[in-house]
Amino acid sequence: MRIGVPKEPTPGQTLVAATPDTVKKLIKLGYQVLVERGAGEKAAYLDEQYSQAGAEIVDTQAAWQADIVTVLDTPPTDYLNLVKPGALLIARMAPGRHPETVDALVERGITGFAMDTVPRISRAQSMDVLSSMSNVSGYRAVIEAAESFGRLFTGQVTAAGKIPPAKVYVIGVGVAGLAAIGTANSMGAQVSATDVRSETAEQAESVGATFVPIPIAQEKSDDGYAKEMSADQADAATKLYTEQAAANDIVITTANIPGRRSPLLITKEAVAAMAPGSVIVDMAAAGGGNCELTRPGEKVVTENGVTIIGYTDLAGRLPGQSSQLYGQNIVNLLKLITPEKDGNYVLDMKDEVVRGITIAKDGENMFPPPPIKVHAAPAPEKTESVADAAETARKKAEEEASKKRKRLLWATVGIVLGLALIAATPKPLIPYYFILMLAIVVGFYVITSVTHSLHTPLMSETNAISGIILVGAILQVGSANPLVSTLSFLAILVASINIFGGFSVTHRMLTMFRGEEK
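Definitions and limits used
- Residues numbered from 1 in each chain as written.
- Predicted model: local features only at pLDDT ≥ 70, side-chain atom pairs only at ≥ 80, totals over all residues.
- Heavy atoms only, no water.
- Pairing = 2+ DSSP bridges.
- Helix = DSSP H or I, 4+ residues; strand = E, 2+ residues; numbered from the N terminus.
- Contact = heavy atoms within 4.5 Å.
- Axes fitted to C-alpha atoms, helices over the stretch in contact; angles between N-to-C directions.
- Buried < 20%, exposed > 50% of the residue type's maximum accessible area, 1.4 Å probe, protein only.
- Polar contact = N/O pair within 3.5 Å; in protein donor to acceptor, adjacent residues only side chain to side chain.
- Parallel < 35°, antiparallel > 145°, perpendicular 65-115°, else oblique.
- Left-handed = near helix turned anticlockwise from the far one by under 90°.
- Nonpolar A, V, L, I, M, F, W, Y, C, P; charged D, E, K, R; others polar.

(A) Spatial organisation of the sheet that holds strand 17 (residues 364–365). Taken together, eight strands build an open sheet; the order of strands is 3-2-1-4-5-6-16-17 and the sheet is mixed. Strand pairing shows two members of the sheet lacking a second neighbour, strand 3 (56–58) and strand 17, which therefore form its edges. In this sheet, strand 4 (residues 68–73) lies alongside strand 1 (residues 2–5) in parallel orientation, the contact comprising two bridges. By the bridge assignment for strand 4, Gly4 is matched with Val69. Each of strand 1, strand 4, strand 5 (88–92) and strand 6 (111–114) touches helix 11 (residues 319–337); the most contacted strand, strand 5, lies at about 140° to it.

This is the structure in structure tokens:
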């Protein structure tokens, strides 16, 4: 079968649905790839590159007449009419917001795959266009904010005075939010974040943000997205967003639910309370926006000097990498539906991923698909009574007291033995105890400053220090004193094991990180 990659008909679209790299992968699946002349120019992919990858450069008609047509978004009617009946159209279609798209496909007998309806399950992650585009958009949102902010992100101490770091507040700790947090943190900003799902706190903190929880927790729905808030939850969240917006320089909102209007998070009153020069980047502008004053596709400045960025093409502002990610999503999807790698796709409607993205098939409306439940691991039930809890607390306190007594006892024994050892040691050797203590302290801080993943190679290499012991033991092994000679022999044995065993362990670890030789 032939896969057509037309030049994007949507005005302003800079991405392309396939790159030279993904073309090679499609050909390996047995498909013939037709790329319209000039399709990848805006993403810096030239026709020559596609030809070298094995694609055929064709005109507009040939690209749209292929058996499979892949584009970024639902094409306008004029181009949709070029798709032949029975063909497979793969694109982002937002069928929940645009039911007319489904009707148009059904009317023309076109099978439609909506890439923005990929189920949120583990095995579908490699095809999730929303995640791959959100990752790029989160990064770009911070870049846009930095450009409009007009000040340094990182704090500095200079001869002229101290410059505080920019304060960035991210609402929504999903793929886009995590990307924004990581980018802002790497630029030196002081980052905080909020999400209605309390379980995302650890994720936010892992990339450098301080998590600010909503006073009233919220549960996740069966489809993996947050449930609609109750009135109390919404009031508590709005109050928190307003307070944090006023306290931060930059606010980035990411709450976007596919198929529905974006929820309102930042009210006009919250914007009015922000300081002049502050910036809001509304990543949900395409769905109406999370900020009440957002204008989709535009950047506006309010009367009090707050810049609100409502760009709907953040991923499109990094077209090369975004095209590669989108193209790879398409490749992963076609791998799923081309099990024989013979260039012929098979639509298995029993497969929850295939069924989830199919919105039209053979003149039949297939949207919405059956719901897929995504369950989080249930929290353990708390069945402990008040009396049991008190008893548990009492036992825990007794255990802690017992541990403290044991530690005190061993510390006392250690001190007594240490003093006895010092008393029995000749005076010229006593200063060496001080050197030993310093070595222990320095060694402790050196080792604890090294990341855990490097402890094994570090310790195995430092075992080479045993060479000092080995040299000393060799010098003493021929002593006339049998005790000295015996101890020297044992020192040679143990030091040798340390040295050769340490290098052996290091060699094995390094082998794990070496690539296979071609």
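(B) Summary view of the side chain of Thr338. Residue placement: Thr338 occurs in the loop between helix 11 and helix 12 (352–357). Relative accessible area serves as the criterion here: at 1%, Thr338 is assigned to the buried category. Separated by 2.5 Å, the side chains of Thr338 and Tyr31 make a polar contact.

(C) The arrangement of the packing of helix 6 (residues 129–149) against helix 11 in detail. Taken N-terminus to C-terminus, the directions of helix 6 and helix 11 make an angle of 165°; their axes are 9 Å apart at the nearest point. In this view, helix 6 runs roughly antiparallel relative to helix 11, as classed from their interaxial angle. When the axes of helix 6 and helix 11 are compared, the crossing they make is right-handed. Where helix 6 approaches helix 11, its residues Val129, Ser132, Met133 and Val136 are matched on the opposing element by Ser322, Leu325, Tyr326 and Asn329. Class assignment for the residues of the contact of helix 6 with helix 11 results in five nonpolar, three polar and no charged.

(D) Representation of the sheet that holds strand 10 (residues 190–194). Here seven strands make up an open sheet; going across it, the order is 11-10-9-12-13-15-14 and the pairing mixed. Of all the strands in the sheet, just strand 11 (210–211) and strand 14 (299–301) have a single pairing partner and so form its edges. Where helix 6 meets the sheet, it contacts strand 12 (250–253), strand 13 (279–282), strand 14 and strand 15 (307–309), and its direction lies at approximately 155° from that of strand 13. Across the sheet, helix 9 (residues 231–247) is in contact with strand 9 (167–171), strand 10 and strand 12; its angle to strand 9 comes to roughly 155°.

Keep in mind that these numbers describe shape and distance, not what the molecule does.
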